[in-house]
2 protein chains.
Amino acid sequence: MIQIKIPWAQPDIGEEELNEVVDSFRSGWLTMGPKVKTFEKGLSSFLNVPYALAVSNGTVALDLILKSMGIGPGDEVIVPAMTFFASTSTVSYQSAVPVFVDIDPQTFNLDPNCIAEAITKKTRAILFIDYGGNPADYDNLLKVSKRHGVPLIQDGAQSLGAVYKGRPVGAQAQVASMSFHMAKVMTTVEGGMIFCRKKSLWHDMLKRRNHGEPAGKKYTHAVLGTNARMSDIHAGIGLAQFNKLPLLIEKRKQVAKLYDHIFSSKKSKIQVSTTPYENSSNAYFFYPILIDQRDKISQRLLHEYGIDTRIAYPMPLWKQPVYRSSRLSFHKMKCPVAEYVTSKVLNLPIFPSMTTEMINYVGQAVLNEVERC
Amino acid sequence: MIQIKIPWAQPDIGEEELNEVVDSFRSGWLTMGPKVKTFEKGLSSFLNVPYALAVSNGTVALDLILKSMGIGPGDEVIVPAMTFFASTSTVSYQSAVPVFVDIDPQTFNLDPNCIAEAITKKTRAILFIDYGGNPADYDNLLKVSKRHGVPLIQDGAQSLGAVYKGRPVGAQAQVASMSFHMAKVMTTVEGGMIFCRKKSLWHDMLKRRNHGEPAGKKYTHAVLGTNARMSDIHAGIGLAQFNKLPLLIEKRKQVAKLYDHIFSSKKSKIQVSTTPYENSSNAYFFYPILIDQRDKISQRLLHEYGIDTRIAYPMPLWKQPVYRSSRLSFHKMKCPVAEYVTSKVLNLPIFPSMTTEMINYVGQAVLNEVERC
């Protein structure tokens, strides 16, 4: 049994969150209700987007978005070659075709310069993420989107709390998803949200969240939906977390700053790629470094130092067994950057309650092992 | 504003459930963890089935089952013409084709005698429910299944606590789904479960519940999955409910018995169809009656008496707007019974804390209105 001294993530969750849950039990309202509404309003206000829709998790959020956009069998959706599986599994869930496009070597986000050659007559959307909380090159993505008349979908699962050119990240595109999974910057334990700027799309997704039922028409089903509801229990946890969000982000930034200092303090073999664009800031869901001998060092950090890390992500998505071995359709462009980054990237522990001592311990262990290997 | 005196359903949820949630907060384990495992073990033991898998809700349970069975575009699945939309929307979610087959006039369940003519070379499964908690004609369904070599899927969303020929209902088929939605006989607020008898299928679904990740292989995706996890918070609520299950069922039976007495006590125009097969028992998720002028009486019960009812279900599924107006494929057989029942059925309030006074009030109101209309 490995003893973990420093976990990879550690949510800051306790009495405030429990109090919200107790409050729901006392009121008797536990299913999707008043707390879900308040939570939606809080987030839509924070992100300055007119419509928000809480759902059971971030994956389901993308599923509903794709369905509402009418994306189905044979349609193509451009996705970054390096992202979490949900960004592409949800495309495959529609029997649509993910098209893997290369990433930017600085931010590891979808590279706007690589999109044009991937676009065909079947392209229905360009899905992008903000890797590890570092905002994507939104201005240039938008230019490509407009030039080709293909809408953007923002998978903002990792970027709540980040800033892009002075504006909060997570709901820049006409439609965006977010995740509040336990390891995220802010959590509902399990949960997600959809943001959108178009009322008709929001109305459609409201129905799809609840079996396609129009409001007040019980057991009548207007569109293909599912049960994507968030309970008021999880929403209450989110409300308590939302109150702490500025503090949670600030603490993450402090951890990252100290890591930055450690890895720049000597002639380091460690490449850090977390710097955001001008007038922007990173939410630091991940603290990624690029190193040689990544797999070996990751194992040594775990077994010799008790430090848990993540490899996000270990391969370009077309190399995932699910795409190699099944009948699922996909296309891929040349993606040398994604090939390179997935072979080198390691995500170090980062969470709000991380002490200076813990950060130094991790930093020194990484320096030692990189020197040694 | 209508004042509801008698709700249609009223979950029995309180301190025991809250204590389980507090326990999870104290332990720090809130995501899918020890309580989910204990909950799965409890249910699989109760239903005498080897494998159980807690998921985020009953709809998602069916989605995973259909995916694990490899049901995809163009495949046909036989479903009862009268059931909740999730039994068929999940088929459409796979871009597969639901084939609507008629129901039995006594139990309102899929009629085994009507299945054979609906089977084609493309038929991949026969999905059946236990309407309102009254067990389906499982022995004859199994005969049809075996004769045609088409597997059964049990949508046990409504039947936890029922008994069919001496054995608990909900996991009779090789694979079955269950729902613990708030209105159900037993609840986790939001939640569902999959039961199966085949280890390989269970292993496959374990992966699909968590993004297709094999155990211990973080960010590796072997099959097409989603996030279908249940949190330990919802599982804890389920554990407390599970302790009360025999009591909850017993109280529902008492309510039904008194309704039976009321509607048989005079030359009644009300048809009650809740009698189970021999050596079997109904879990009484619904108490359905068949009456003329159903829509009008339902409205009068609400507005004149403050009695909330449900019409489950108001139309055969092929008449749902989603199937009439969209490009979703479906087939239908002749379904005169489903046409008849959906035009007459009304589901009366039934819940464990319903008092004799409340039951008499509802019963008398229904008798009055049926006499009057």
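Procedures and definitions
- Residues numbered from 1 in each chain as written.
- Chains lettered and ligands numbered in written order.
- Predicted model: local features only at pLDDT ≥ 70, side-chain atom pairs only at ≥ 80, totals over all residues.
- Helix = DSSP H or I, 4+ residues; strand = E, 2+ residues; numbered from the N terminus.
- Rg over C-alpha atoms; globule rule 2.2 N^0.38 Å.
- Buried ≥ 20, exposed ≤ 12 C-beta atoms within 10 Å, placed from the backbone.
- Contact = placed C-beta atoms within 7 Å.
- Least-squares fit on C-alpha atoms with pLDDT ≥ 70 in both.
- Nonpolar A, V, L, I, M, F, W, Y, C, P; charged D, E, K, R; others polar.
- Expected span 1.5 Å × (residues − 1).
- Arc of directions from axis to C-beta.
- Pairing = 2+ DSSP bridges.
- Axes fitted to C-alpha atoms, helices over the stretch in contact; angles between N-to-C directions.
- Left-handed = near helix turned anticlockwise from the far one by under 90°.
- Domains from an automatic or database assignment.

Caption draft 1: Looking closely at the overall build of chain A. Scanning chain A from terminus to terminus reveals 11 helices and 13 strands. Against the 2.2 N^0.38 benchmark of 21 Å for 373 residues, chain A shows a C-alpha radius of gyration of 21 Å, consistent with a compact globule. Considering only C-alpha atoms, chain A reaches an extent of 65 × 55 × 40 Å along its principal axes. Split into buried and exposed, the 373 residues of chain A put 53% on the buried side. Long-range contacts, defined as pairs at least 24 residues apart, comprise 70% of the intrachain contacts of chain A with a sequence gap of at least 6.

Caption draft 2: Layout of the relation of the copies chain A and chain B. For the pair chain A and chain B, the superposition axis carries a translation of 0.0 Å, the fit reaches an RMSD of 0.0 Å, and the rotation angle comes to 180 degrees. The relationship between the two copies is best expressed as a two-fold rotation axis. Mapped onto chain B, 100% of the interface residues of chain A again fall at the interface, so both copies present the same surface.

Caption draft 3: Expanded view of the interface of chain A and chain B. At the interface, 45 residues of chain A touch 45 residues of chain B. Of all the secondary-structure elements, those providing two or more residues to the side of chain A that touches chain B are helix 1 (15–27), helix 3 (58–68), helix 4 (86–93) and helix 9 (321–325) of chain A. Classifying every residue of the side of chain A that touches chain B gives 24 nonpolar, 17 polar and four charged.

Caption draft 4: Structural context of the environment of Glu339(A). Residue and element names in this part refer to chain A. Turning to its location among the elements, glutamate 339 is positioned in helix 10 (residues 336–344). Taking the C-beta count within 10 Å as the criterion, glutamate 339 has 15 such neighbours and is therefore assigned partly exposed. Taking the C-alpha atoms as reference points, glutamate 339 and alanine 256, separated by 83 residues in sequence, lie 25 Å from one another.

Caption draft 5: Highlighting helix 1 of chain A. For helix 1 of chain A, which comprises 13 residues, the first-to-last C-alpha distance of 18 Å matches the rise-based estimate of 18 Å (1.5 Å per residue) to within 8%. What helix 1 of chain A keeps buried is the set Glu17(A), Glu20(A), Val21(A), Ser24(A) and Phe25(A). What you see down the axis of helix 1 of chain A is that its buried residues fit within an arc of 140 degrees, all on one side. Exposed and facing more than 90 degrees away from the buried side of helix 1 of chain A are Glu15(A), Asn19(A), Arg26(A) and Ser27(A). Residues of helix 1 of chain A that are buried sit in contact with helix 2 (34–47) and helix 7 (232–264) of chain A together with helix 1 (15–27) of chain B.

Caption draft 6: Inspection of the sheet that holds strand 13 (residues 345–347) of chain A at higher detail. All names here are of chain A. Overall, antiparallel pairing links the three strands, which are arranged 10-11-13 in an open sheet. Two strands lie at the open edges of the sheet, namely strand 10 (271–272) and strand 13, each paired on one side alone. Pairing between strand 11 (residues 288–290) and strand 13: three bridges, direction antiparallel. Residue pairing in the sheet places isoleucine 289 in a bridge with leucine 346 of strand 13.

Caption draft 7: Representation of the environment of Ile4(B) within the structure. Residues and elements named next belong to chain B. In this fold, isoleucine 4 is placed in the segment before helix 1. In this structure, the C-alpha to C-alpha distance between isoleucine 4 and glycine 306, residues 302 residues apart in sequence, is 4.4 Å. Not counting chain neighbours up to four residues away, the residues in contact with isoleucine 4 comprise Gly306 and Asp308.

Caption draft 8: Fine view of the packing of helix 1 of chain A against helix 7 of chain A. All names here are of chain A. Packing of helix 1 against helix 7 leaves a shortest axis separation of 8 Å and a crossing angle of 145 degrees. Along this stretch, helix 1 crosses helix 7, giving a crossing that reads as right-handed. Residues Glu16, Glu17, Glu20, Val21, Asp23 and Ser24 of helix 1 form the contact with helix 7, whose participating residues are Asp232, Ile233, Gly236, Ile237, Leu239, Ala240 and Gln241. Residue composition of the contact of helix 1 with helix 7, by class: five nonpolar, three polar and five charged.

Caption draft 9: A look at the domain arrangement of chain A. All names here are of chain A. Per the domain assignment, the segments making up chain A are domain 1 (15–240) and domain 2 (245–372). Taken together, the contact between domain 1 and domain 2 spans 37 residues of the former and 35 residues of the latter. Broken down by secondary-structure element, the contributors of at least two residues to the side of domain 1 that touches domain 2 are helix 4, strand 3 (97–101) and strand 6 (163–164). Counting residues per element, the side of domain 1 that touches domain 2 draws most heavily on strand 3, at five residues. For the side of domain 1 that touches domain 2, a count of residues per class yields 21 nonpolar, 12 polar and four charged.

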